[in-house]
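Residue-level structure breakdown
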Amino acid sequence: MSGENHLARTDEAQLYRDLSRSNLVTTWRWFAGVGVLSLVLLWGIGVFVYMMMTGMGVTGLNRPVFWGILIVNFVFWIGLSHSGTLISAILRLTHATWRAPILRAAEAMTAFSLMVGGLFPLIHLGRNWRFYYTIPYPNERGLWPNMRSPLMWDAVAINTYLIGSLTFLYVGMIPDLAILRDKSDGWRRKLYSILSLGFRGTHAEWRRYHRASTLFAILIIPVAVSVHSIVSWDFAMAKVPGWHSTIFAPYFVVGAIFSGIAGVVLVMAAIRRVFRLERVLTPLHFDNLGKLLCTMSLIWGYFYFTEFLTVWYNRNPEEWEVFSSYGRSFLPVFLLMIMCNFVIPFPMLCMKKVRRSIPAIAFASLLIVVGMYCERILIVTASLARRNDPFIWHNYFPTWVELSITAASFAMFGLLYMIFSKIFPIMAISDIKERLFHTTERSFGGASAETIARVEEGEEEGGA
Amino acid sequence: MSSFVLIGLFDGVDQAAKAGHALRSLPLAAENITSISGVPLPDGSVTVDPRPIRFSLYVVVFWFVGALAGLALALATYLLYPLITAGKAIISIPPTLIITYEVAMLFALLATLILGAREMGLLRFRARKVHEPRVHDGKIAVCAVVEPGEQEIQARRAMKNAGAIDIRIEEGEL
């Protein structure tokens, strides 16, 4: 291509090999990883079957805590799913020049988190074989889902978001699948030929592809926000102290973005190391995501304080009892949440050295993921454990059954990601090439800097 | 004799642009010339896409269709199976709005995928379309539908003068 841009200086065959390393090279570590994760997942499936055969009595659920760690997992995974597609969509719309290497990892994280998270309401159902009762279709039983229930809003919203996220991920991959089709042989070639839908990279295809990507990004953002708002309304619509709050929807959205960004950082750090993508996923990407994390930590702290302040000042006895329990029975979980979400990561992420050090920012992100998990434990179980009637107060502890299913959910997420990275390009090859194509070196006296050209939509359509 | 596609392969965008300009001034119609590249090129830089992009308008239409479907789903539920919940009205507006919104967004997302793919000309597996895999190695292909004879000779000359490293003929659609 043009002698000036960075793509022209790059050996594209080498670039392809570097970015497709996850597809081209399979080590024994990959098989070992898949083996271990499969074993954990199989164990979890076995435990789930045992729970289904025996009944929900094998869990720690008991009056008044009927929503336990399974629902915590549901909120956690849906929250984790929030940021991948959202970040990707926002970065696409704002033409953030550093976005290309993180798009695919983030979008895949959303899709797999949703798949895992969406299973938990079904696992929690008790009579799991009757899950289809939630599907609205005419039937002889005269049953119909109650659309007034927030649980039904949830089912509709999560399905919309899952379909939207999967299509967003897929559409983003089409040009890369076309590259893989032309570079591979055997069964992979057949698979990529079908999945790339005959994309060739003609001028008309690229123009329409860009329009479709932009439309997807525009549409997926409000869906992402609505999904976590609706998850919060599962709780906020109930007159349970600690749940019935107007701030819950934005608070959940903020928490979801916060944990989602931390999840993206962890996934990026992992794939960077495993697939040797040091030249593509640079400290700059972690630095930028670190700034976002730092901001979200502040916003999360602000929301939490606002929620606490109104309850503290009001001293409504039912609500105050829930918050008081954070200082007694739930103190370890509460302290872990505050330390991991704000006290430790916020000052850490204020430092550029931490944001640019991959182990340090991965550690901060891990703390945030743990902290947000603790936050969900407090929201789901503490509020139910201190419901209005003191005579039924009862603390909740998960049993080995729930913990096994939780471990299996993490294994399932890891397994899906590992299989995906083996079959599909984990890096957005076309987006990275496009960025290189638009980048040139410009000199300022004795110094030089990267300059990135951007074609405005209007100009593009009008013809240059 | 029927027309075919002449494909010229170029090392850089400047040579490809020169060829595109020369082909247009032959004159060849803009809809009979296109480029194939590994990265998107701005409209007009090498070739011009004369067809307007229409599917985004239909996405809006499908958003409204989805909204109607969501509305129907919620309303039909209330009317077919009237459940008096907590003394609330049989038809409750806020849940209806939520279901309507979600189904509308679902329809819009699916319409973007299906109509976008359709307008891109994808999914037509049986159609024979011209293809140049070397664009993934940094090359740019300029393709033109030409009639055999004088037009083909002129197009070949235009591509060669612009610096084409390979020129070949392929039967198929652009």
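Residues numbered from 1 in each chain as written. Chains lettered and ligands numbered in written order. Predicted model: local features only at pLDDT ≥ 70, side-chain atom pairs only at ≥ 80, totals over all residues.

**Topic: the overall build of chain B**
Where we set the bar: Secondary structure follows DSSP: runs of H or I at least 4 residues long count as helices, runs of E at least 2 residues long count as strands, and numbering of each begins at the N terminus. As a reference, a globule follows 2.2 Å times the number of residues to the power 0.38, and the radius of gyration itself is taken over C-alpha atoms. Backbone-placed C-beta atoms define the burial measure: a residue is buried with 20 or more other C-beta atoms within 10 Å of its own, exposed with 12 or fewer, and partly exposed in between.
Looking only at helices and strands, chain B features 4 helices and 4 strands. In terms of overall dimensions, chain B is more spread out than a globule: its C-alpha atoms have a radius of gyration of 25 Å, far above the 16 Å expected for 174 residues. Oriented by its inertia axes, the alpha-carbon framework of chain B measures out at about 80 × 35 × 25 Å. For chain B, the residues scored as buried account for 44% of the 174 residues in total.

**A short note on the overall build of chain A**
Rules: Any two residues are considered in contact once their C-beta atoms, placed from the backbone, lie within 7 Å.
Along chain A, the regular secondary structure elements total 19 helices and 2 strands. By the compact-globule yardstick of 23 Å for 464 residues, chain A fits well, its C-alpha radius of gyration being 24 Å. If you line up chain A on its principal axes, its C-alpha atoms span 80 × 55 × 50 Å. In chain A, which comprises 464 residues, the share counted as buried stands at 47%. Summarising the internal contacts of chain A: among those between residues at least 6 apart in sequence, 80% fall at separations of at least 24.

**Focus: the confidence of the model for chain B**
To be explicit about the condition: The pLDDT value expresses, per residue, how confident the predictor is, ranging between 0 and 100.
The predicted model of chain B averages 90 in pLDDT, with 96% of residues at 70 or higher. In the predicted complex, the global pTM is 0.91; the interface-specific ipTM is 0.93.

**Examining the domain arrangement of chain B**
As a reminder of what qualifies: Where each domain begins and ends follows an automated or database-derived domain assignment.
By domain assignment, chain B separates into domain 1 (4–51 + 129–170) and domain 2 (55–120). Domain 1 of chain B and domain 2 of chain B are separated by 45 Å when their C-alpha centres are compared.

**Remarks on the packing of helix α4 (residues 28–54) of chain A against helix α17 (residues 400–423) of chain A**
Residue and element names in this part refer to chain A. Note the cut-off: Think of each axis as a best-fit line through the C-alpha atoms, taken over the contacting stretch in the case of a helix, with angles from 0 to 180 degrees between the N-to-C directions. For any helix crossing, the convention is left-handed if the near helix is rotated counterclockwise from the far helix by under a right angle, and right-handed if that rotation is clockwise. Under this grouping Gly is polar, as are all residues other than the nonpolar Ala, Val, Leu, Ile, Met, Phe, Trp, Tyr, Cys and Pro and the charged Asp, Glu, Lys and Arg.
Taken N-terminus to C-terminus, the directions of α4 and α17 make an angle of 140°; their axes are 8 Å apart at the nearest point. Crossing geometry of α4 relative to α17 is assigned as left-handed. Partitioning the contact of α4 with α17 into residue classes produces 18 nonpolar, 5 polar and 1 charged.

**Focus: the sheet that holds strand β3 (residues 140–146) of chain B**
Residues and elements named next belong to chain B. Note the following rule: Two strands qualify as a pair provided DSSP detects at least 2 bridges between them.
The 4 strands lie next to each other as β2-β3-β1-β4, forming an open sheet whose pairing is antiparallel. One side of each edge strand has no neighbouring strand; the edge strands of this open sheet are β2 (33–36) and β4 (166–170). Geometrically, the sheet is characterised by an average inter-axis angle of 25° between neighbouring strands, direction not taken into account. Sheet topology places β2 next to β3; 4 bridges connect them, and they run antiparallel.

**Quick notes on the interface of chain A and chain B**
Contact residues are listed per partner, giving 55 residues for chain A and 60 residues for chain B. Going through the elements one at a time, α1 (6–9), α2 (12–19), α7 (150–183), α9 (203–236), α18 (429–438) and α19 (457–462) of chain A are the ones with two or more residues in the side of chain A that touches chain B. Here the side of chain A that touches chain B takes 17 residues from α9 of chain A, the largest share from any one element.

**Overview of unusual backbone geometry**
A cis geometry characterises the amide bond from Arg63 of chain A onward to Pro64 of chain A, with omega recorded as 5°. Structurally, Pro64 of chain A can be placed in the loop between α4 and α5 (69–93). Of note, the amide linkage connecting Leu26 of chain B to Pro27 of chain B takes the cis form, showing an omega dihedral of 15°. Relative to the helices and strands, Pro27 of chain B is located in the loop between α1 (13–24) and β2. Phi angles above zero are rare outside glycine, and Arg315 of chain A is one such case at about 55°. You can see Arg315 of chain A is positioned in the loop between α11 (283–314) and α12 (317–326). The class of Arg315 of chain A is exposed, set by 9 C-beta atoms lying within 10 Å. Of note in this structure, Leu123 of chain B is not a glycine but carries a positive phi near 70°.

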